[in-house]
Amino acid sequence: MSTAADEAQDRTRSGLRPRVRTAYGTVEGRTGPGGTAVFRGIPYAAPPVGALRFAAPAPPEAWDGVRDAGAYGPTAPKVPYPDNFAALLPDPEIPGEDCLNLNVWTPATVPSPAPEPGAGLPVMVWIHGGALTRGSSAVPVYDGSAFARDGVVLVSVNYRLGVLGYGLFPDAPANRGLLDQIAALTWVRENIEAFGGDPGRVTVFGESAGAISIGALLAAPRAAGLFHRAVLQSGAPETLAREKVRAMVRRMAALLKVEATAAAFAAVAPADLLAAQAAVLRRSSPLLGGPAFGLVADPDTLPQDPLEAAAEAAGDVPLLLGWTAEEYRLWLAPTGAMRFLDRLGPLAVALGRIRSGKDRAAVRALRAERPAAGPADLAGHLLTDRLLRDPLRRLAAGRGEARERRGEGAQRRTAPRFVYEFAWPSGVPGLGSCHALELGFVFDTLAVPEASWLAGPDAPQELAEEMHAAWVRFAVEGDPGWPPWMTLSSVWIGPLPYVAMNFSTFGKVFLLLSLVPTWKAR
């Protein structure tokens, strides 16, 4: 590791470009807005090519001289979103083999443009979503400048996706994308002090598949001690049946006319591999329980059920977790499925009830709560309960509930859980308070043009300031600014008829504590 003197020497100017020496070599970033510095495309592992394509991540090679870190690095190989989702979800593709890279935003010192080594600032590590098949750290909405502006060192990471990260093979380690994330967190522990961060104050946060990944990190023995707080946005700890993941590999093997092994897939040209992946993804419906790429139980990486294990592990890890009020509208509205389910009428509600495992009493309570809701909305809420709200509530209940289910008796929880619901509706017709809508608010990046793809025009900047500040408070203090979960409490972000306490300083009901059960205060 470099010494403070070495780091000071590397904080020389190249124009006004900041430099930092890492364990593998010196990187030169760029100055950012508001007294910040940004370093993009730093490798945390070796390029996953050749013999490493389906292997666990290996350390990166050191380099001599100064490595330019001014542009985002290559994104993980992936297939684009279908057109109806691509119009809502920006997903840049940057070619190149060195896709296991990360970005760092940090406050700069004055007059130097570089960060101050050893400043001891809190660190937040962002893990992107995208169903473990799409997405990257280069999405413009994930720009970390606002976090650095507010005194947080923000790190965002790429990891292997689809069959490369989550395909299940007899001759390759499982959950390689998760291993990539652990490698990135290990890099943070070893290097973030040179960027002004405190390796003992790391908060991981992610949305959708990123939140699912954080649930796995909470449960993964290899990740123990690499982070100290966690935020799960619209994603709950889960694993898929091994046979469902294996079925995706077999389908690809049939199209490629090769054996369903990592050795055979490694010999396939990357373009052909992605074409076969795109074909099987078109036939996949994970929302309805079909084959999909995802995390699996594995003796080496995930030896326990992640929801149960995460509830146990999170006894010492403060959690912030929540969902949007109408998650399902992103999954159903762009495809026309909302209209189709409304045409099905009671059958749609019955299918949603069966798929969610709810009883008829739960459906009657939902109808009473939402008398104006049509069949599609009712079915969507039932599916959202099963996929997100119910398991996240279990995680919020934590260690005591897990022990009670095993008959061991409850144990006092040592770390708080904070629960929120984001209820502001998008300005895009039909989307409502849909999945992923909160991202531009969390990052305070509503001014980024791509934020309007999902939020629409004129999204409230004051709400972004409120929500972003809550995430910063959680990283700094372990408390976002409202009381922790106590079974009948939740937090609502957005317009709400049930007003108990208003935390907004802008004269609008944006952030408040609801003292009624979450199901009632949706």
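(A) Region of interest: the packing of helix α5 (residues 176-191) against helix α6 (residues 209-219). As a packed pair, α5 and α6 sit with axes 11 Å apart at the nearest point and diverge in direction by 70°. The orientation of α5 with respect to α6, classified from their angle, is roughly perpendicular. Facing Leu178, Gln181, Ile182 and Leu185 of α5, the residues of α6 in contact are Ser213, Ala216 and Leu217. Taken together, the residues of the contact of α5 with α6 sort by class into five nonpolar, two polar and no charged.

(B) Spotlight on the pattern of salt bridges. Across all of its chains, the model carries 18 salt bridges by this definition. The partner of arginine 394 in a salt bridge is glutamate 308, and the shortest N-O contact between them spans 3.9 Å. With arginine 394 in helix α15 (residues 375-397) and glutamate 308 in helix α10 (residues 306-313), the pair connects residues that are 86 residues apart, well separated along the chain. Accessibility expressed as a relative area gives 31% for arginine 394, which makes it partly exposed. Between aspartate 385 and arginine 389 there is a salt bridge whose closest N-O contact spans 2.6 Å. Here arginine 389 and aspartate 385 lie together in helix α15, a separation of four residues that amounts to about one turn. When salt bridges that share partners are traced, they join Lys358, Asp385, Arg389, Asp390 and Arg393 into one network.

(C) How the structure looks around the packing of helix α13 (residues 346-356) against α15. Relative orientation of the contacting elements α13 and α15 amounts to 5°, with a least axis distance of 8 Å. The angle between α13 and α15 falls in the class roughly parallel. When α13 is examined against α15, the residues Ala348, Val349, Gly352, Arg353, Arg355 and Ser356 are found in contact with a partner set consisting of Pro375, Leu378, Ala379, Leu382, Leu383 and Arg386. Here the residues of the contact of α13 with α15 sort into seven nonpolar, two polar and three charged.

(D) Highlighting the packing of aromatic side chains. Considering all chains together, one arrives at 16 aromatic pairs under this definition. Following the ring pairs from residue to residue traces out a cluster consisting of Trp126, Tyr142, Phe147, Phe205 and Phe443. Between the NZ or CZ atom of arginine 40 and the centre of the ring of tyrosine 72, over which it lies, the distance is 5.1 Å. The ring of tryptophan 63 has arginine 67 sitting right over it, with the charged end atom 5.1 Å from the ring centre.

(E) Molecular detail of unusual backbone geometry. The backbone of asparagine 175 shows a phi angle near 55°, a positive value even though the residue is not glycine. Take asparagine 175: it is sitting in the loop between α4 (162-166) and α5. Unlike most non-glycine residues, aspartate 458 shows phi in positive territory, near 60°. For aspartate 458, the location among the structural elements is in the loop between α18 (451-455) and α19 (461-477).

Parameters at a glance
- All residue numbers refer to position in the chain's written sequence, counted from 1.
- Where totals are concerned, whole chains, interfaces and linings use all residues; where local detail is concerned, this predicted model gives features only for residues with pLDDT of at least 70, and gives and counts side-chain atom pairs only at 80 or more.
- Remark: hydrogens and water are excluded; side-chain values derive from all non-hydrogen atoms of the structure.
- Here the axes come from fitting lines to C-alpha atoms, over the contacting stretch only for helices, and the angles between their N-to-C directions go from 0 to 180 degrees.
- In this text, helices come from DSSP runs of H or I with a minimum length of four residues, and strands from runs of E with a minimum of two, each type numbered from the N-terminal end.
- Every angle not falling under 35 degrees, over 145, or within 65 to 115 is termed oblique; those three ranges are roughly parallel, roughly antiparallel and roughly perpendicular.
- When checking whether two residues touch, look at their non-hydrogen atoms; a contact exists if any pair is within 4.5 Å.
- Any residue outside Ala, Val, Leu, Ile, Met, Phe, Trp, Tyr, Cys, Pro, Asp, Glu, Lys and Arg is labelled polar, Gly included; the first ten of those are nonpolar and the last four are charged.
- A carboxyl oxygen of Asp or Glu within 4 Å of a side-chain nitrogen of Lys or Arg is what we treat as a salt bridge.
- Buried, partly exposed and exposed residues are distinguished by accessible area as a fraction of the type maximum, computed with a 1.4 Å probe on protein chains only: under 20%, between the cut-offs, and over 50%, respectively.
- Ring pairs shown here join Phe, Tyr and Trp side chains whose ring centres sit within 6.5 Å, with only the six-membered ring taken for Trp; geometry is labelled stacked below 30 degrees between planes, edge-to-face above 60, and tilted in between.
- Only Lys NZ and Arg CZ are tested; either one counts as a charge over a ring when it is within 6 Å of the ring centre and within 35 degrees of the ring normal.

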